[in-house]
Amino acid sequence: MNTLITFVLNHRRMVLALWALCLLAAIPLSLQLPSVIQGSSEAIRGSESEQVTRTLQREFGKGSAYTALIVVSSRRASVHDREFGAAMRKLGQFLTETGRVHSVTHAWNSPAKGLLGRDGRSALLLAQPHVDSLSEAENFTAALRDYLKQAPLPSGFSARVTGPAATFYDLNRNSSADLLRAEMIGVPLTLVV
């Protein structure tokens, strides 16, 4: 260690010039950082969870392992009102017509009454997207949210996406943004040091 310290002290200008060259060479690479840094939630290849995912896809269709959960609620209508059922059917049809949702399940097209909220003013719609992986399902979250903004829901109704893919999507976007912010602060401070 003493040899390195002595060398650096005796050749200060050369060491500073080398560091400056390394920094300049790193700038083009650092500009690509936002597109490269992202979290991943995929199953490990060959793991039991990957085998289960493949079985689900094979037995129940593409995207079945990555069903998006959509909570539909109304400020004024009860789930027992015709209006609520009509809104759910219309929303389900709208989503399948986008071409990106394979099928939808809700309490009005299945015997699953457990999809009705206990509050009597909300219900769950299960949308099976055309995706092959969790990362595709995560990325579909943004498009699904855009579709829901355009959806023909009656006044007083709202629809929100939730579930594992949406949660991972939000976590990855927020952690990536936080990481970039930290890098924007940390790198200049490190250079000063």
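Provided above is the structure to which this section pertains.
Parameters at a glance
- Residue indices follow the written sequence of each chain, beginning from 1 at its first position.
- Given that this is a predicted model, residues contribute local features only at a pLDDT of at least 70 and side-chain atom pairs are listed and counted only at 80 or more, while totals for whole chains, interfaces and linings are drawn from all residues.
- Side-chain measures here rest on the full set of heavy atoms in the structure, leaving out hydrogens and waters.
- Nonpolar cores are built from buried Ala, Val, Leu, Ile, Met, Phe, Trp, Tyr and Cys residues. Side-chain atoms within 4.5 Å join them into one set.
- Each residue is placed in one exposure class: buried if its accessible area under a 1.4 Å probe, protein chains only, is under 20% of its type's maximum, exposed if it is over 50%, and partly exposed if it falls in between.
- Segments assigned H or I by DSSP are reported as helices when at least four residues long, segments assigned E as strands when at least two residues long, and all are numbered from the N terminus.
- Whether two residues are in contact is decided by their heavy atoms, any of which lying within 4.5 Å being enough.
- The term polar contact refers here to a pair of N or O atoms within 3.5 Å; inside protein, the definition further demands a hydrogen-donor-capable atom paired with an acceptor-capable atom, and it admits residues adjacent in sequence only when both atoms are side-chain atoms.
- Only residues whose relative accessible area exceeds 30% and that form no salt bridge enter a patch; like-charged residues are grouped when within 9 Å of one another, and nonpolar side chains (Val, Leu, Ile, Met, Phe, Trp, Tyr) when within 5 Å.
- To measure how exposed things are, a 1.4 Å probe is used in the Shrake-Rupley method; for residues, cover is taken only from the protein chains shown.
- Any Lys or Arg side-chain nitrogen located within 4 Å of an Asp or Glu carboxyl oxygen qualifies as a salt bridge.
- Under the convention used throughout, the expected extent of a helix is 1.5 Å for every residue step, that is, one less than its residue count.
- Consider a residue and the seven residues that end there alongside the seven that start there; fitting an axis to each set, the bend is the angle between those axes.
- The way it works is a 1 Å grid over only the protein atoms, where trapped points that fit a 1.4 Å probe form a cavity and open points with protein on both sides within 12 Å along at least five of seven lines form a pocket, and then any residue with an atom within 4 Å of a point lines it.
- Grid points are joined across faces, edges and corners, and a volume is the space filled by probe spheres set on the points.
- Charged means Asp, Glu, Lys or Arg here, nonpolar means Ala, Val, Leu, Ile, Met, Phe, Trp, Tyr, Cys or Pro, and polar covers whatever is left, Gly included.
- What makes two strands pair is DSSP finding at least two bridges between them.
- Angles here are taken between N-to-C directions and fall from 0 to 180 degrees, while the axes themselves are lines fitted to C-alpha atoms, restricted in helices to the stretch in contact.

Q: I'd like a rundown of the nonpolar core, residues and numbers included.
A: What tends to happen in soluble globular proteins is that the nonpolar side chains get buried as a cluster. In terms of nonpolar packing, the biggest core is built from 31 residues, with Ile70, Val72, Phe84, Leu95 and Leu125 touching the most fellow members. Breaking this core down by element, the ones donating at least two residues are β1 (68-74), α5 (82-97), β2 (101-105), β3 (122-129), α6 (134-150), β4 (157-162) and α7 (164-192). With seven residues, α6 is the largest single contributor of residues to this core. Not counting chain neighbours up to four residues away, the residues in contact with Phe84 comprise Val72, Ser73, Ser74, Ala77, Ser78, Val79, Trp108, Arg121, Ser122, Ala123 and Phe157.

Q: A description of the side chain of Thr141 should follow, citing residues and the corresponding values.
A: Following the sequence through the fold, Thr141 ends up in helix α6. Overall, Thr141 belongs to the buried group, its relative accessible area being 4%. A polar contact of 3.0 Å, which involves the side chain of Thr141, links it to the backbone oxygen of Glu138. Apart from residues lying up to four places away in sequence, Thr141 is in contact with Val161, Ala165, Ala166 and Tyr169.

Q: Give a detailed account of a nonpolar patch on the surface, specifying residues and quantitative values.
A: A cluster of nonpolar side chains, contributed by Met1, Leu4, Ile5, Phe7, Val8, Leu9, Met14, Leu18, Leu21, Leu24, Ile27 and Leu31, occupies part of the molecular surface with about 1200 Å² of accessible area. Of all elements in the fold, only α1 (2-10) and α2 (12-31) reach the threshold of two or more residues within the nonpolar patch. The element best represented in the nonpolar patch is α2, accounting for six residues. Here Ile27 shows up in helix α2. Judged by its relative accessible area of 39%, Ile27 falls in the partly exposed class.

Q: Outline α2, supporting the account with residue identities and numerical values.
A: If you check α2, its first and last C-alpha atoms are 29 Å apart, about what 20 residues at 1.5 Å a residue would give, namely 28 Å. At Ala25, α2 shows its largest kink, close to 25°, and the proline Pro28 lies no more than four residues downstream.

Q: Describe the environment of His102, naming the residues involved and giving the relevant values.
A: Checked against the element boundaries, His102 lands in strand β2. Look at His102 and you get partly exposed, because its relative accessible area is 43%. Along the backbone, His102 and Pro129 are 27 residues apart, and their C-alpha atoms lie at a distance of 5.4 Å.

Q: A description of empty space enclosed by the protein should follow, citing residues and the corresponding values.
A: Under the criterion given, the structure shown has one cavity of 30 Å³ or more. Roughly 60 Å³ of internal volume is contained in the largest cavity. Contributing to the lining of the largest cavity are 13 residues, with Tyr66, Ala68, Ala137, Thr141 and Ala165 lying nearest its centre. Secondary-structure elements contributing two or more residues to the lining of the largest cavity are β1, α6, β4 and α7. Top contributing element to the lining of the largest cavity by residue count: α6, with four residues. When grouped by side-chain class, the residues that make up the lining of the largest cavity number ten nonpolar, three polar and no charged.

Q: Pulling in residues and values, what's your account of the sheet that holds β4?
A: The strand order across the open sheet formed by four strands is β2-β3-β1-β4, and the pairing between neighbours is antiparallel. Strands at the two margins of the open sheet, each flanked by one partner only, are β2 and β4. For this sheet, the mean angle separating the axes of adjacent strands, direction not counted, is 25°. Note that β1 and β3 share six bridges and pair antiparallel. For Ser73, the partnering residue across the bridge sits in β3 and is Ser122. Running over the sheet, α5 touches β1, β2, β3 and β4 and is turned about 15° from β3. Sitting on the sheet, α6 touches β1, β2, β3 and β4, and the angle it makes with β4 is about 175°.

Limitation: the analysis is restricted to geometry and does not speak to function.
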